[in-house]
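Here are the chains, one letter per residue:
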Amino acid sequence: MLLNKIKAAFAKSGGTAAISVFGLASQQIASFVITLLAASFLTAADYGTYTIAIIAVEFVIMLTHCGYYHFLVNSEKDETAVLSTVFWIMLAIGVVGGAAMYLGSNWLAHLFHAPDLAPVLRYFGVFQPFVSIIGWASAVLTRMGLMKRFFLILIAGNLGGLLVGCVILVVWQSLFALVAYRGIRTALELVLFIAACPARPTTRFDRKLAYEGLKFSSGLYGSRLLSFLANFGTDLILAYALSTTEAGLYRFANRLATGTVDIIAQPLRSFAIKMFGAASRLSEPLDPIFKIMLGGSVFLTGGFAIAISALGSGAVETFFRPEYAASIGTLYAFALRAVARTGNDLIEPVFAARRKTQITLHTNVLWTSLMLGTIVVFAPMGFETIAWAQAGVQVLSFFGSLLVFKHWGRINLRVAMPPLVTGVALLCAYGVAVLLGIILINSLDIAQTLRFSLATALSLGLAAPTIYFGIKSDVLDMQIFESR
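Anyway, here's the lowdown on the structure attached to this text. Worth saying up front: this structure is predicted, and the values here are computed from it rather than measured.

## Focus: the overall build of the protein chain
Stage number 1. When helices and strands are counted, the protein chain shows 18 helices and zero strands.
Stage number 2. In terms of overall dimensions, the protein chain is globule-like: its C-alpha atoms have a radius of gyration of 22 Å, near the 23 Å expected for 484 residues.
Stage number 3. Projected onto its principal axes, the C-alpha coordinates of the protein chain cover approximately 65 × 60 × 45 Å.
Stage number 4. Here the protein chain holds 484 residues, and the buried ones make up 57% of them.
Stage number 5. Expressed as a percentage of contacts within the protein chain between residues at least 6 apart in sequence, the contacts between residues at least 24 apart total 84%.
Stage number 6. For the protein chain, the exposed surface amounts to about 20,100 Å²; the carbon and sulfur share of it is 69%.
Stage number 7. Side chains of the protein chain carry 34 positive and 23 negative charges; the gap between the two charge centres is 9 Å.

Structure (structure tokens):
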């Protein structure tokens, strides 16, 4: 019965489950491998410099992939007008953002006492208009439900960029090798997305539609800006008040933990946008989608978080420079935070579908204010204490988001709770089993590399029956990955 159920689910989704997970997993795999190679020769201070540059990039990407991106996915207006108008707006955001990075590079390098930051920012500034075009094309594919095509492009772009990036990093062990890698990956994805996108922008620009999009986007932009400050505010404060070394260690732990969880979280977020957006356009109820997205997201992200928490210490000891061992405690905090983020990840697509984006803004104002408050209060105690305080706030935000869904989102939580509770119970069992197994492995008198390999095999081996029981108990519904 179960095998037939799985087979039917995959047949219905056209195999998109595997493609979607691997598509966005390829993004995290590429970043992880590049991080591993870079950390083998970059100091924490140099990694911190790269982190500050990436924060500037992420700010522009946030503006590009936030409000108008969702407006394009959800809008019921004339498709030709929507696609063209949003294209020019997103391109303008990329051009202005890239120019700001280029012109402000010297000032930022002086502010953070990092001379190498200036040229890195200038290169990244040149990339941004092309990143905006990629963002527009991905929104078009999401609007049209062409998720398989979208993820296949990601696979090709990320793995192709990774291959070239590894060669560059091995030959040219420099901070600027990371810049070259990002440029190559951007170029590959640009070519692939342009070739695969079934729509083309025209010169048409509808001012009324642009204003409507701005009104729709205002809440999303505000909430995403606050989330951005919560995610990257600590890095900036650590780099400014202390040094780029502390910022590098903090971001390294974030990258290792959050990047691992995002292997599954990113495709889930993409499918949430697509599914809730489609339900909104077709005037269908959101409760059935919310049920499978909440329980399935917590179950899957929780499994990845447990795995990286169990393997993190061994991974750092095996692969990275010794100075990165100081980030292990912070890694655990980020793993917890990545799972607890599930509630907030669903707020944006749910209230975009409800046409209540101001609720998203107000919710994020509250929790981001608390996040930023932890930075101010706990900064004297070090970056690890800050990370744990922020993880605690994120857990509270998860339960707070459930109340928001119930009272303002008109979501029936009674239906969604049983799969969530069962999923958490399965995760607890998986976590205990992995922990006991690793304790046993660590007691063996064997080489560290072999010890880490056995721990990895154990985590993967125990994940299989956990997923089996998750599907059998209806915690994990393969409809999450359903697409055309």
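## A few points about the environment of A340
Stage number 1. One can find A340 in helix α13 (residues 328-340).
Stage number 2. Sequence separation between A340 and F398 is 58 residues; the distance between their C-alpha atoms is 5.7 Å.

## So, the packing of helix α3 (residues 44-64) against helix α9 (residues 175-196)
Stage number 1. One way to put it is that α3 packs onto α9 with a least axis distance of 10 Å and a crossing angle of 25 degrees. Put simply, α3 runs roughly parallel to α9. The element α3 and its partner α9 pack so that their crossing is right-handed. Taking contact as the criterion, the partners of D46, T49, Y50, I54, V57, E58 and I61 in α3 are, on α9, L175, L178 and R182.

## Some details on the packing of aromatic side chains
Stage number 1. Applying the stated criterion to the full structure yields 15 aromatic pairs.
Stage number 2. Measuring from ring centre to ring centre gives 5.3 Å for F59 and F228, while their planes differ by 65 degrees; the resulting arrangement is edge-to-face. Placement of the pair is F59 in helix α3 and F228 in helix α10 (residues 207-241), with a sequence separation of 169 residues.
Stage number 3. Owing to a relative accessible area of 31%, F59 belongs among the partly exposed residues under this scheme.
Stage number 4. Among the aromatic residues, those joined into a ring-pair cluster are Y50, F124 and F127.
Stage number 5. Cation over ring: R182 sits above F124, and NZ or CZ is 5.9 Å from the ring centre.

## Here we look at a nonpolar patch on the surface
Stage number 1. The grouping of Y102, L103, V126 and F130 at the surface amounts to a nonpolar patch, some 420 Å² of accessible area in total.
Stage number 2. Where the nonpolar patch is concerned, the elements lending two or more residues are α5 (79-103) and α7 (117-143).
Stage number 3. With respect to the secondary-structure elements, L103 resides in helix α5.

## A closer look at the environment of A56
Stage number 1. Assignment of secondary structure puts A56 in helix α3.
Stage number 2. In this structure A56 comes out as buried when scored by relative accessible area, which is 18%.
Stage number 3. When the C-alpha atoms of A56 and S31 are compared, they prove to be 17 Å apart, with 25 residues separating the residues in sequence.
Stage number 4. Setting aside its immediate chain neighbours within four residues, A56 contacts M101 and L121.

## Re the pattern of salt bridges
Stage number 1. In total, this model carries five salt bridges according to the counting rule given.
Stage number 2. R269 is the partner of D345 in a salt bridge, and the nearest nitrogen-oxygen pair spans 3.0 Å. With D345 in helix α14 (residues 342-353) and R269 in helix α11 (residues 244-281), this residue pair connects regions lying 76 residues apart in the sequence.
Stage number 3. Under the relative-accessibility criterion, R269 is labelled partly exposed at 24%.
Stage number 4. For the salt bridge of D345 with R341, the shortest nitrogen-to-oxygen distance reads 3.5 Å.

Rules behind the numbers
- Residues numbered from 1 in each chain as written.
- Predicted model: local features only at pLDDT ≥ 70, side-chain atom pairs only at ≥ 80, totals over all residues.
- Heavy atoms only, no water.
- Helix = DSSP H or I, 4+ residues; strand = E, 2+ residues; numbered from the N terminus.
- Rg over C-alpha atoms; globule rule 2.2 N^0.38 Å.
- Buried < 20%, exposed > 50% of the residue type's maximum accessible area, 1.4 Å probe, protein only.
- Contact = heavy atoms within 4.5 Å.
- Areas by Shrake-Rupley, 256 points an atom, 1.4 Å probe, with all protein chains shown as cover.
- Lys, Arg positive; Asp, Glu negative; His and termini not counted.
- Charge placed at Lys NZ, Arg CZ, Asp CG, Glu CD.
- Axes fitted to C-alpha atoms, helices over the stretch in contact; angles between N-to-C directions.
- Parallel < 35°, antiparallel > 145°, perpendicular 65-115°, else oblique.
- Left-handed = near helix turned anticlockwise from the far one by under 90°.
- Phe/Tyr/Trp six-rings, centres within 6.5 Å; stacked < 30°, edge-to-face > 60°.
- Lys NZ or Arg CZ within 6 Å of the ring centre and 35° of its normal.
- Patch = residues over 30% accessible without salt bridge, like charges linked within 9 Å, V, L, I, M, F, W, Y side chains within 5 Å.
- Salt bridge = Lys/Arg side-chain N within 4 Å of Asp/Glu carboxyl O.

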